[in-house]
Amino acid sequence: DGLSLQGARLPEVALAGSSLVGAVLTGADLTAADLMGVDLSNANLDAASLQRARVVEAVLLGASLSDAVLVGASVKRSVWTAQGAAVVARNADMQGLDLRELDLTGVDLTGACLNKCLLARCCLAKTKLEDTLLFNTDIHLTQGLTMAQIAALRDNNQ
């Protein structure tokens with residue numbers, strides 16, 4: 001693994017079930033790609049376009065999605081964190097994603113746009129949320145947020 005597809009234009013590519021462990025996909029266009037069940041552990045997807053991509057049941061342990069665009073993507077049942085290996089998605093545009101029931105423990109969402117996301121029953125323990133945008137996002141059923149984090153999010157998103 002460790003394949004380099006930096007800047008590749010792969011819209012609508014079908015990669016379901018593939019292993020892209022450690023792949024370099026920086027700036028890649030994966031718009032509407034089928035990434036169902038793909039192992040993207042430790043992959044670099046910084047500044048990649050994953051708009052409308054199907055990332056269902058994918059493994060993203062240790063992956064970097066900083067500055068990536070995931071608007072319209074489906075990420076249901078994907079694995080974002082385990083045993084200390086969490087996703088880094090700083091400044092990612094994740095607007096409108098359905099993140100319900102996902103474990104986002106320790107994920108770095110600093111500066112990310114999570115406006116209009118669904119976070120019900122989502123675990124956000126130790127998740128980095130500094131400067132994260134959460135306008136029109138219901139966080140009241142999430143788990144793991146401290147009162148200080150809730151207050152800071154409320155202050156940042158008014």
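Within each chain, residues carry numbers counting from 1 in the order of the written sequence. Owing to the predicted nature of the model, reporting of local features is limited to residues with pLDDT of at least 70; listing and counting of side-chain atom pairs is limited to 80 or more, with chain, interface and lining totals taken over all residues. Processing note: side-chain calculations cover all non-hydrogen atoms of the structure and skip hydrogens and water entirely.

*Asks:* Describe the overall build of the chain, with residues and values.
*Replies:* Comment: elements are numbered from the N terminus, with helices defined as DSSP H or I runs of at least four residues and strands as E runs of at least two. Each helix and strand in the chain was counted, giving 1 helix and 2 strands. Walking the chain from its N terminus toward its C terminus, one meets helices and strands in the order β-β-α. Atoms counted for the radius of gyration: C-alpha only. Globule rule: 2.2 Å times the number of residues to the power 0.38. Relative to a compact globule of 158 residues, whose C-alpha radius of gyration would be 15 Å, the chain shows 15 Å and is just as compact. Contacts are assigned to residue pairs that have any heavy atoms within 4.5 Å of one another. Intrachain contacts of the chain at a sequence separation of at least 6 include 10% that bridge at least 24 residues.

*Asks:* Quick rundown of empty space enclosed by the protein? Include the residues and the values.
*Replies:* Any residue with an atom within 4 Å of a point lines the site, the site being either a cavity, points on a 1 Å grid over the protein atoms alone where a 1.4 Å probe fits but cannot get out, or a pocket, an open set with protein on both sides within 12 Å along at least 5 of 7 lines. Grid points are joined across faces, edges and corners, and a volume is the space filled by probe spheres set on the points. Scanning the model with the defined rule gives 1 cavity of 30 Å³ or more in all. Each pocket or cavity is described by its volume, and for the largest cavity that value is around 40 Å³. Contributing to the lining of the largest cavity are Leu-35, Leu-40, Leu-50, Val-55, Leu-60, Leu-65, Leu-70 and Val-75. Throughout, the ten residues Ala, Val, Leu, Ile, Met, Phe, Trp, Tyr, Cys and Pro are labelled nonpolar, Asp, Glu, Lys and Arg are labelled charged, and all others, Gly among them, are labelled polar. When the residues that make up the lining of the largest cavity are grouped by side-chain class, the tally is 8 nonpolar, no polar and no charged.

*Asks:* Describe the side chain of Ser-64, with residues and values.
*Replies:* Following the sequence through the fold, Ser-64 ends up in the segment before strand E1 (81–82). Beyond its immediate sequence surroundings of up to four residues, Ser-64 is in contact with Ala-43, Asn-44, Leu-45, Asp-46 and Val-88.

*Asks:* Outline the nonpolar core, listing residues and values.
*Replies:* The definition of a nonpolar core used throughout is a set of buried Ala, Val, Leu, Ile, Met, Phe, Trp, Tyr and Cys residues joined through side-chain atoms within 4.5 Å. The classification of residues rests on relative accessible area computed with a 1.4 Å probe and restricted to protein chains. Under 20% of the type maximum is buried, over 50% is exposed, and intermediate values are partly exposed. If you look at the biggest cluster of nonpolar residues, it comprises 46 residues, and the most contacted ones within it are Trp-80, Met-94 and Leu-99. Every residue in contact with Leu-99, bar those within four places of it in the chain, is listed here: Val-75, Trp-80, Met-94, Leu-104, Leu-114, Cys-117, Leu-118, Leu-119 and Cys-122.

*Asks:* Explain the environment of Val-38 to me, using residue names and the numbers behind them.
*Replies:* Position of Val-38 relative to the elements: it lies in the segment before E1. A C-alpha to C-alpha distance of 19 Å links Val-38 and Leu-97, two positions 59 residues apart in sequence.

*Asks:* Can you break down unusual backbone geometry residue by residue, with the values?
*Replies:* Positive phi outside glycine occurs at Asp-67, with the angle close to 65 degrees. Within the secondary structure, Asp-67 sits in the segment before E1. Residue classification places Asp-67 among the partly exposed positions, given a relative accessible area of 48%.

*Asks:* Which residues make up the environment of Leu-153, and what values go with them?
*Replies:* Looking at the secondary structure, you find Leu-153 in helix H1 (residues 147–156). Remark: the alpha-carbon pair of Leu-153 and Leu-129, spanning 24 residues in sequence, is separated by 7.8 Å. Once residues within four sequence positions are removed from consideration, Leu-153 is found in contact with Leu-129, Leu-134, Ile-139 and Leu-145.

*Asks:* Any details on the side chain of Asn-115? Residues and values, ideally.
*Replies:* With respect to the helices and strands, the residue Asn-115 is situated in the loop between strand E2 (85–86) and H1. On the basis of relative accessible area, Asn-115 is assigned to the buried category, the value being 12%. Polar contacts, as counted here, are pairs of nitrogen or oxygen atoms within 3.5 Å of one another; within protein the pair requires one atom able to donate a hydrogen and one able to accept it, and residues that are adjacent in sequence qualify only if both atoms are side-chain atoms. Engagement of the side chain of Asn-115 in a polar contact is seen with the backbone nitrogen of Leu-134, the distance being 3.4 Å. If we ignore the near neighbours within four places in the chain, the residues touching Asn-115 are Gln-95, Gly-96, Leu-133, Leu-134, Phe-135 and Thr-137.

*Asks:* So what's going on with the pattern of salt bridges? Which residues, and what values?
*Replies:* Pairing of side chains with opposite charge becomes possible as their charged atoms draw close. The term salt bridge refers to a pairing of a side-chain nitrogen on Lys or Arg with a carboxyl oxygen on Asp or Glu at a separation within 4 Å. Across all of its chains, the model carries 6 salt bridges by this definition. Two residues, Asp-34 and Arg-54, come together in a salt bridge whose shortest N-O distance is 3.7 Å. Here Asp-34 is found in the segment before E1, whereas its partner Arg-54 is found in the segment before E1, with 20 residues between them in sequence. Arg-54 gets classed as partly exposed once you look at its relative accessible area, which sits at 37%. Between Arg-121 and Glu-101 there is a salt bridge, with its nearest N and O atoms 3.2 Å apart. With Arg-121 in the loop between E2 and H1 and Glu-101 in the loop between E2 and H1, the pair connects residues that are 20 residues apart, well separated along the chain. Members of the salt-bridge network, linked through shared partners, are Lys-76, Asp-98 and Arg-100.

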